[in-house]
Amino acid sequence: MTVAPTLPGAVTVRVPAKVNLELRVGPRRPDGYHSLATVYQAVSLHDEVSVARWDDWQVVPTGTYKSLIPTDGDNLAVRAARLVAERWSVDEALSIRIDKDIPVAGGMAGGSADAAATLVACDQLWGLGLDRDDLAELAGMLGSDVPFPLAGGNAMGSGRGEQLAPVLARGTFHWVFAISDTGLSTPEVYAECDRLRERDGVEVPEPHVSPELMAALRSGDPAALGAALHNDLEPAAFSLRPRLRELRDAGVEFGALGGIVSGSGPTVAFLTESHEAALDLSVSLAASDLCRDLRRAKGPVHGAHVVATPRD
Ligand code: ATP
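In this text the structure is predicted, and so the values were computed from the model without any measurement. (Residues numbered from 1 in each chain as written. Predicted model: local features only at pLDDT ≥ 70, side-chain atom pairs only at ≥ 80, totals over all residues. Heavy atoms only, no water.)

Caption draft 1: Examining the packing of helix α1 (residues 76–87) against helix α2 (residues 110–125) more closely. Interaxial distance between α1 and α2 falls to 8 Å at its minimum, and their mutual angle equals 35 degrees. Between α1 and α2 lies a crossing of right-handed hand. Between α1 and α2, the residues in contact are L76, A77, A80, A81 and V84 and G111, S112, D114, A115, T118, L119 and C122, respectively. Tallied by class, the residues present in the contact of α1 with α2 amount to 8 nonpolar, 3 polar and 1 charged. (Axes fitted to C-alpha atoms, helices over the stretch in contact; angles between N-to-C directions. Helix = DSSP H or I, 4+ residues; strand = E, 2+ residues; numbered from the N terminus. Left-handed = near helix turned anticlockwise from the far one by under 90°. Contact = heavy atoms within 4.5 Å. Nonpolar A, V, L, I, M, F, W, Y, C, P; charged D, E, K, R; others polar.)

Caption draft 2: Structural detail: the site of the ligand. Within the structure, the ligand sits among 21 residues, and A105, G107, A109, G111 and T186 are positioned closest to it. At 3.0 Å from a nitrogen atom of the ligand is found a main-chain nitrogen or oxygen belonging to L76. Notes on the ligand: free accessible area 610 Å², of which the protein chains cover 78%. Applying the majority rule of atoms within 2 Å of the grid points places the ligand in the largest pocket. At 4 residues, the largest contribution of residues to the shell around the ligand is made by α2. Taken together, the residues of the shell around the ligand break down into 9 nonpolar, 7 polar and 5 charged. (Near = heavy atom within 4 Å. Polar contact = N/O pair within 3.5 Å; in protein donor to acceptor, adjacent residues only side chain to side chain. Areas by Shrake-Rupley, 256 points an atom, 1.4 Å probe, with all protein chains shown as cover. 1 Å grid on protein atoms, 1.4 Å probe; cavity = no way out; pocket = protein on both sides within 12 Å on 5 of 7 lines; lining within 4 Å. Sits in = over half its atoms within 2 Å of the grid points.)

Caption draft 3: Here's a closer look at the domain arrangement of the chain. Here the chain is partitioned into domain 1 (4–167) and domain 2 (173–299). Taken together, the 32 residues of domain 1 in the interface contact 40 residues of domain 2. Between domain 1 and domain 2 lies a buried interface of about 2,900 Å² when both sides are counted; carbon and sulfur atoms form 59% of it. The interface formed by domain 1 and domain 2 contains 2 salt bridges. Salt-bridge contacts for D194 lead to R28; the nearest nitrogen and oxygen are separated by 2.6 Å. Put simply, domain 1 and domain 2 have 18 residue pairs in polar contact (both at pLDDT 80 or more) between them. Counting residues per element, the ones that place at least two in the side of domain 1 that touches domain 2 are β1 (11–28), β2 (34–54) and β5 (154–158). (Domains from an automatic or database assignment. Buried area = accessible area lost by both parts, 1.4 Å probe. Salt bridge = Lys/Arg side-chain N within 4 Å of Asp/Glu carboxyl O.)

Caption draft 4: Summary view of the pattern of salt bridges. The full count for this structure, using the stated rule, is 15 salt bridges. The salt bridge involving R14 is made with E48; its shortest N-O contact spans 3.1 Å. Of this pair, R14 sits in strand β1 while E48 sits in strand β2, and the two are 34 residues apart along the sequence. With a shortest N-O distance of 2.6 Å, K100 and D47 are connected by a salt bridge. Here K100 is found in the loop between β4 (93–99) and α2, whereas its partner D47 is found in strand β2, with 53 residues between them in sequence.

Caption draft 5: Fine view of the layout of surface pockets. As a volume, the largest pocket reaches approximately 1,200 Å³. Forming the walls of the largest pocket are 46 residues, and the residues nearest its centre are S112, D145, T186, P187 and S264. Only β1, β2, α1, α2 and α5 (186–199) provide two or more residues apiece to the lining of the largest pocket. With 5 residues, the single largest contributor to the lining of the largest pocket is α5. Within the lining of the largest pocket, the residues separate by chemical class into 20 nonpolar, 17 polar and 9 charged. Counting residues domain by domain, the lining of the largest pocket receives three or more from each of domain 1 (4–167) and domain 2 (173–299). (Points joined across faces, edges and corners; volume = space filled by probe spheres on them.)

Caption draft 6: Just the nonpolar core, in detail. Counting 61 residues, the largest nonpolar core has L21, I96, W175, F177 and L225 as the members making the most contacts within it. Here this core takes 9 residues from α2, the largest share from any one element. Among the domains, domain 1 (4–167) and domain 2 (173–299) are the pair contributing at least three residues each to this core. By size, the runner-up hydrophobic cluster in this structure holds 26 residues, among which are L233, A256, V268 and F270. (Core = buried A, V, L, I, M, F, W, Y, C linked by side-chain atoms within 4.5 Å. Buried < 20%, exposed > 50% of the residue type's maximum accessible area, 1.4 Å probe, protein only.)

Next comes the structure, spelled out in C-alpha coordinates:
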(Lines give C-alpha, C1' and ligand atoms only; values in the text may rest on other atoms or scores of the structure.)
Protein backbone atom coordinates (compact mmCIF):
# COMPACT_ATOMS: atom_id res chain seq x y z
CA MET A 1 0.00 0.00 0.00
CA THR A 2 1.31 3.46 -0.88
CA VAL A 3 1.55 5.69 2.14
CA ALA A 4 2.93 8.85 0.56
CA PRO A 5 0.35 11.43 -0.52
CA THR A 6 0.22 11.93 -4.27
CA LEU A 7 -0.28 15.67 -4.36
CA PRO A 8 1.61 18.42 -2.59
CA GLY A 9 -0.24 19.52 0.54
CA ALA A 10 -2.22 16.29 0.84
CA VAL A 11 -3.47 14.84 4.11
CA THR A 12 -3.61 11.03 4.26
CA VAL A 13 -5.81 9.05 6.63
CA ARG A 14 -5.66 5.29 7.22
CA VAL A 15 -8.93 3.55 8.06
CA PRO A 16 -9.86 -0.08 8.89
CA ALA A 17 -12.56 -2.46 7.65
CA LYS A 18 -15.02 -3.96 10.13
CA VAL A 19 -16.56 -7.30 10.85
CA ASN A 20 -19.83 -7.67 12.76
CA LEU A 21 -19.18 -10.24 15.50
CA GLU A 22 -22.89 -10.24 16.16
CA LEU A 23 -25.65 -8.68 14.09
CA ARG A 24 -29.20 -8.82 15.44
CA VAL A 25 -31.80 -7.34 13.12
CA GLY A 26 -34.99 -6.12 14.76
CA PRO A 27 -38.27 -5.00 13.23
CA ARG A 28 -38.39 -2.51 10.37
CA ARG A 29 -38.88 1.00 11.78
CA PRO A 30 -41.34 3.60 10.43
CA ASP A 31 -38.39 5.36 8.68
CA GLY A 32 -37.67 2.18 6.68
CA TYR A 33 -34.51 1.22 8.58
CA HIS A 34 -34.30 -1.86 10.79
CA SER A 35 -33.36 -1.46 14.44
CA LEU A 36 -30.06 -3.23 15.03
CA ALA A 37 -28.03 -4.53 17.92
CA THR A 38 -24.52 -5.26 16.76
CA VAL A 39 -20.94 -5.61 17.92
CA TYR A 40 -18.29 -4.34 15.54
CA GLN A 41 -14.61 -5.19 15.47
CA ALA A 42 -12.15 -3.16 13.38
CA VAL A 43 -9.76 -5.44 11.47
CA SER A 44 -6.40 -4.88 9.80
CA LEU A 45 -7.53 -4.48 6.21
CA HIS A 46 -7.08 -0.79 5.49
CA ASP A 47 -7.89 1.86 2.92
CA GLU A 48 -5.92 5.08 2.75
CA VAL A 49 -7.64 8.28 1.70
CA SER A 50 -5.58 11.33 0.68
CA VAL A 51 -7.23 14.71 0.18
CA ALA A 52 -5.62 17.76 -1.42
CA ARG A 53 -6.91 21.09 -2.74
CA TRP A 54 -7.62 20.87 -6.48
CA ASP A 55 -9.29 22.88 -9.29
CA ASP A 56 -12.27 20.60 -9.42
CA TRP A 57 -13.66 17.57 -7.57
CA GLN A 58 -11.96 14.35 -8.57
CA VAL A 59 -11.55 10.79 -7.24
CA VAL A 60 -8.32 8.95 -8.03
CA PRO A 61 -8.65 5.23 -7.19
CA THR A 62 -5.54 3.13 -6.61
CA GLY A 63 -4.79 -0.19 -4.88
CA THR A 64 -6.13 -3.75 -4.98
CA TYR A 65 -9.78 -2.99 -5.73
CA LYS A 66 -9.39 0.32 -7.57
CA SER A 67 -11.54 -0.68 -10.55
CA LEU A 68 -14.61 -1.37 -8.36
CA ILE A 69 -15.32 2.04 -6.85
CA PRO A 70 -17.29 4.94 -8.31
CA THR A 71 -15.23 8.01 -9.28
CA ASP A 72 -18.13 10.46 -9.43
CA GLY A 73 -20.19 12.26 -6.78
CA ASP A 74 -21.69 8.91 -5.69
CA ASN A 75 -18.43 7.99 -4.02
CA LEU A 76 -19.03 8.14 -0.28
CA ALA A 77 -15.72 9.96 0.21
CA VAL A 78 -16.92 12.78 -2.07
CA ARG A 79 -20.24 12.93 -0.22
CA ALA A 80 -18.37 13.17 3.08
CA ALA A 81 -16.06 15.96 1.87
CA ARG A 82 -18.96 17.91 0.37
CA LEU A 83 -20.90 17.62 3.61
CA VAL A 84 -17.99 19.11 5.58
CA ALA A 85 -17.45 21.86 2.96
CA GLU A 86 -21.13 22.80 3.05
CA ARG A 87 -21.39 22.81 6.86
CA TRP A 88 -18.27 24.97 7.37
CA SER A 89 -18.73 27.08 4.19
CA VAL A 90 -15.45 25.99 2.63
CA ASP A 91 -15.46 26.96 -1.03
CA GLU A 92 -12.77 24.59 -2.28
CA ALA A 93 -12.75 21.46 -4.44
CA LEU A 94 -10.62 18.44 -3.59
CA SER A 95 -8.70 15.68 -5.27
CA ILE A 96 -9.48 12.54 -3.26
CA ARG A 97 -7.16 9.63 -3.76
CA ILE A 98 -8.42 6.28 -2.42
CA ASP A 99 -5.97 3.45 -1.97
CA LYS A 100 -8.49 0.63 -1.88
CA ASP A 101 -7.51 -2.52 -0.01
CA ILE A 102 -10.86 -3.22 1.69
CA PRO A 103 -12.95 -5.62 -0.42
CA VAL A 104 -15.75 -3.72 -2.21
CA ALA A 105 -19.42 -4.60 -1.63
CA GLY A 106 -18.29 -7.38 0.71
CA GLY A 107 -20.10 -6.40 3.91
CA MET A 108 -16.91 -4.92 5.38
CA ALA A 109 -18.09 -1.30 5.17
CA GLY A 110 -15.30 -0.15 2.86
CA GLY A 111 -17.26 2.77 1.43
CA SER A 112 -18.28 3.85 4.91
CA ALA A 113 -14.64 3.58 6.02
CA ASP A 114 -13.61 5.92 3.18
CA ALA A 115 -16.30 8.39 4.22
CA ALA A 116 -15.03 8.30 7.83
CA ALA A 117 -11.43 8.75 6.67
CA THR A 118 -12.44 11.71 4.50
CA LEU A 119 -14.11 13.46 7.44
CA VAL A 120 -10.89 13.19 9.45
CA ALA A 121 -8.75 14.27 6.47
CA CYS A 122 -10.92 17.31 5.67
CA ASP A 123 -10.88 18.39 9.29
CA GLN A 124 -7.07 18.34 9.23
CA LEU A 125 -6.68 19.91 5.75
CA TRP A 126 -9.07 22.77 6.45
CA GLY A 127 -7.96 23.23 10.08
CA LEU A 128 -11.51 23.00 11.43
CA GLY A 129 -10.61 21.59 14.85
CA LEU A 130 -13.60 19.22 14.97
CA ASP A 131 -13.91 17.04 18.05
CA ARG A 132 -14.97 13.37 18.19
CA ASP A 133 -18.63 14.32 18.74
CA ASP A 134 -18.70 16.65 15.70
CA LEU A 135 -17.15 13.92 13.55
CA ALA A 136 -19.52 11.25 14.88
CA GLU A 137 -22.53 13.47 14.15
CA LEU A 138 -21.41 14.04 10.54
CA ALA A 139 -20.65 10.33 10.20
CA GLY A 140 -24.16 9.38 11.36
CA MET A 141 -25.61 11.69 8.68
CA LEU A 142 -23.65 9.87 5.98
CA GLY A 143 -24.66 6.31 6.90
CA SER A 144 -25.23 3.80 9.69
CA ASP A 145 -21.78 2.19 9.24
CA VAL A 146 -19.77 5.44 9.08
CA PRO A 147 -19.34 6.25 12.81
CA PHE A 148 -17.67 2.95 13.72
CA PRO A 149 -14.53 3.23 11.52
CA LEU A 150 -13.86 6.61 13.18
CA ALA A 151 -13.70 4.87 16.54
CA GLY A 152 -12.20 1.47 15.65
CA GLY A 153 -11.49 -1.17 18.31
CA ASN A 154 -14.60 -3.06 19.44
CA ALA A 155 -17.93 -1.31 19.91
CA MET A 156 -21.57 -2.06 20.34
CA GLY A 157 -23.94 -0.40 17.84
CA SER A 158 -27.63 0.31 18.38
CA GLY A 159 -30.29 2.38 16.62
CA ARG A 160 -29.47 1.85 12.93
CA GLY A 161 -26.02 0.70 14.10
CA GLU A 162 -24.72 4.28 14.31
CA GLN A 163 -25.08 4.80 18.08
CA LEU A 164 -21.88 3.41 19.55
CA ALA A 165 -20.95 2.28 23.03
CA PRO A 166 -17.56 0.92 24.11
CA VAL A 167 -17.14 -2.80 24.75
CA LEU A 168 -14.81 -4.31 27.30
CA ALA A 169 -12.50 -6.68 25.43
CA ARG A 170 -9.16 -8.36 25.75
CA GLY A 171 -6.74 -9.98 23.32
CA THR A 172 -6.15 -10.07 19.59
CA PHE A 173 -8.19 -12.23 17.25
CA HIS A 174 -7.02 -13.79 13.97
CA TRP A 175 -9.34 -13.80 10.97
CA VAL A 176 -9.51 -15.22 7.47
CA PHE A 177 -11.86 -13.42 5.09
CA ALA A 178 -13.10 -15.43 2.12
CA ILE A 179 -14.22 -13.16 -0.68
CA SER A 180 -16.75 -14.30 -3.26
CA ASP A 181 -16.95 -13.41 -6.90
CA THR A 182 -19.97 -11.19 -6.82
CA GLY A 183 -21.00 -8.53 -4.33
CA LEU A 184 -24.32 -8.42 -2.53
CA SER A 185 -26.18 -5.16 -2.18
CA THR A 186 -27.10 -4.33 1.40
CA PRO A 187 -30.73 -3.26 0.60
CA GLU A 188 -31.21 -6.49 -1.37
CA VAL A 189 -30.12 -8.59 1.63
CA TYR A 190 -32.40 -6.72 4.06
CA ALA A 191 -35.32 -7.12 1.63
CA GLU A 192 -34.66 -10.87 1.44
CA CYS A 193 -34.46 -11.03 5.25
CA ASP A 194 -37.91 -9.35 5.45
CA ARG A 195 -39.28 -11.68 2.78
CA LEU A 196 -38.08 -14.84 4.59
CA ARG A 197 -39.40 -13.61 7.95
CA GLU A 198 -42.80 -12.81 6.43
CA ARG A 199 -42.95 -16.14 4.63
CA ASP A 200 -42.15 -18.01 7.86
CA GLY A 201 -44.42 -15.85 10.03
CA VAL A 202 -41.53 -14.94 12.34
CA GLU A 203 -42.29 -12.57 15.25
CA VAL A 204 -39.32 -10.20 15.32
CA PRO A 205 -38.34 -9.04 18.83
CA GLU A 206 -36.35 -5.89 19.65
CA PRO A 207 -32.71 -6.88 19.10
CA HIS A 208 -30.17 -7.41 21.89
CA VAL A 209 -26.54 -8.43 21.90
CA SER A 210 -26.02 -11.79 23.62
CA PRO A 211 -24.31 -12.06 27.02
CA GLU A 212 -22.25 -14.98 25.61
CA LEU A 213 -20.60 -12.73 23.04
CA MET A 214 -19.82 -10.01 25.57
CA ALA A 215 -18.36 -12.61 27.96
CA ALA A 216 -16.23 -14.08 25.14
CA LEU A 217 -14.80 -10.63 24.33
CA ARG A 218 -14.11 -9.90 28.00
CA SER A 219 -12.26 -13.18 28.38
CA GLY A 220 -10.33 -12.86 25.11
CA ASP A 221 -10.99 -16.55 24.46
CA PRO A 222 -11.15 -17.14 20.68
CA ALA A 223 -12.98 -20.49 21.02
CA ALA A 224 -15.74 -18.82 23.05
CA LEU A 225 -15.94 -15.96 20.56
CA GLY A 226 -16.05 -18.40 17.64
CA ALA A 227 -19.04 -20.15 19.23
CA ALA A 228 -20.83 -16.84 19.92
CA LEU A 229 -20.58 -15.32 16.40
CA HIS A 230 -24.06 -14.63 15.03
CA ASN A 231 -25.60 -12.83 12.06
CA ASP A 232 -29.38 -12.52 11.54
CA LEU A 233 -28.75 -11.61 7.88
CA GLU A 234 -27.07 -14.95 7.19
CA PRO A 235 -30.22 -16.86 6.11
CA ALA A 236 -30.96 -14.07 3.61
CA ALA A 237 -27.39 -14.06 2.26
CA PHE A 238 -27.51 -17.90 1.96
CA SER A 239 -30.86 -17.70 0.21
CA LEU A 240 -29.48 -15.24 -2.37
CA ARG A 241 -26.09 -17.03 -2.74
CA PRO A 242 -26.46 -20.71 -1.76
CA ARG A 243 -22.72 -21.33 -2.32
CA LEU A 244 -21.95 -19.14 0.69
CA ARG A 245 -23.35 -21.78 3.03
CA GLU A 246 -21.02 -24.35 1.48
CA LEU A 247 -18.12 -21.95 1.95
CA ARG A 248 -19.00 -21.29 5.61
CA ASP A 249 -19.40 -25.04 6.32
CA ALA A 250 -16.12 -25.85 4.56
CA GLY A 251 -14.18 -23.29 6.62
CA VAL A 252 -15.57 -24.68 9.87
CA GLU A 253 -14.78 -28.23 8.74
CA PHE A 254 -11.20 -27.12 7.94
CA GLY A 255 -10.80 -26.05 11.58
CA ALA A 256 -12.08 -22.48 11.96
CA LEU A 257 -13.40 -21.73 15.47
CA GLY A 258 -16.40 -20.07 13.86
CA GLY A 259 -17.57 -18.84 10.48
CA ILE A 260 -20.04 -16.06 9.73
CA VAL A 261 -21.23 -14.00 6.80
CA SER A 262 -19.77 -10.53 7.35
CA GLY A 263 -22.53 -7.90 7.61
CA SER A 264 -24.73 -8.21 4.54
CA GLY A 265 -22.12 -10.41 2.83
CA PRO A 266 -20.97 -11.98 0.65
CA THR A 267 -17.59 -12.07 2.43
CA VAL A 268 -17.41 -14.93 4.94
CA ALA A 269 -15.31 -14.26 8.05
CA PHE A 270 -13.58 -17.16 9.80
CA LEU A 271 -12.13 -16.85 13.29
CA THR A 272 -9.03 -18.94 13.99
CA GLU A 273 -6.98 -19.88 17.04
CA SER A 274 -3.76 -18.13 15.96
CA HIS A 275 -1.86 -16.53 13.10
CA GLU A 276 -0.54 -19.99 12.09
CA ALA A 277 -4.05 -21.47 12.14
CA ALA A 278 -5.18 -18.62 9.87
CA LEU A 279 -2.40 -19.50 7.41
CA ASP A 280 -3.41 -23.19 7.44
CA LEU A 281 -7.07 -22.34 6.93
CA SER A 282 -6.22 -20.04 4.00
CA VAL A 283 -4.33 -22.88 2.32
CA SER A 284 -7.26 -25.31 2.74
CA LEU A 285 -9.84 -22.78 1.54
CA ALA A 286 -7.71 -21.80 -1.47
CA ALA A 287 -7.62 -25.46 -2.52
CA SER A 288 -11.41 -25.80 -2.11
CA ASP A 289 -12.22 -23.49 -5.01
CA LEU A 290 -15.19 -22.02 -3.10
CA CYS A 291 -13.98 -18.41 -3.07
CA ARG A 292 -12.16 -15.95 -5.31
CA ASP A 293 -9.80 -14.34 -2.86
CA LEU A 294 -8.59 -14.82 0.73
CA ARG A 295 -7.36 -12.16 3.11
CA ARG A 296 -5.94 -12.57 6.60
CA ALA A 297 -6.30 -9.89 9.24
CA LYS A 298 -6.23 -9.34 12.97
CA GLY A 299 -8.51 -7.35 15.19
CA PRO A 300 -9.17 -5.14 16.96
CA VAL A 301 -7.18 -2.27 15.41
CA HIS A 302 -7.38 1.53 15.73
CA GLY A 303 -9.94 3.64 13.92
CA ALA A 304 -9.30 6.33 11.26
CA HIS A 305 -6.07 8.24 11.91
CA VAL A 306 -3.88 10.70 10.04
CA VAL A 307 -0.69 9.10 8.68
CA ALA A 308 0.68 11.97 6.57
CA THR A 309 0.20 15.73 6.55
CA PRO A 310 1.77 18.55 4.50
CA ARG A 311 4.27 19.11 7.34
CA ASP A 312 5.64 15.53 7.10
P1 ATP B 1 -21.71 -2.13 4.12
O2 ATP B 1 -21.06 -3.24 4.87
O3 ATP B 1 -21.52 -0.77 4.74
O4 ATP B 1 -23.13 -2.38 3.78
P5 ATP B 1 -20.22 -3.03 1.86
O6 ATP B 1 -18.91 -3.29 2.51
O7 ATP B 1 -21.08 -4.20 1.57
O8 ATP B 1 -21.00 -1.97 2.72
P9 ATP B 1 -18.97 -1.15 0.14
O10 ATP B 1 -17.61 -1.68 -0.12
O11 ATP B 1 -19.09 0.00 1.06
O12 ATP B 1 -19.96 -2.30 0.55
O13 ATP B 1 -19.59 -0.81 -1.30
C14 ATP B 1 -20.98 -0.77 -1.55
C15 ATP B 1 -21.21 0.08 -2.79
O16 ATP B 1 -20.95 1.44 -2.44
C17 ATP B 1 -20.27 -0.24 -3.93
O18 ATP B 1 -20.81 -1.16 -4.81
C19 ATP B 1 -20.00 1.10 -4.58
O20 ATP B 1 -20.76 1.29 -5.74
C21 ATP B 1 -20.44 2.15 -3.56
N22 ATP B 1 -19.35 3.02 -3.09
C23 ATP B 1 -19.42 4.35 -2.95
N24 ATP B 1 -18.28 4.85 -2.49
C25 ATP B 1 -17.44 3.84 -2.31
C26 ATP B 1 -16.10 3.75 -1.83
N27 ATP B 1 -15.41 4.83 -1.47
N28 ATP B 1 -15.57 2.53 -1.75
C29 ATP B 1 -16.29 1.44 -2.09
N30 ATP B 1 -17.54 1.48 -2.58
C31 ATP B 1 -18.13 2.66 -2.68
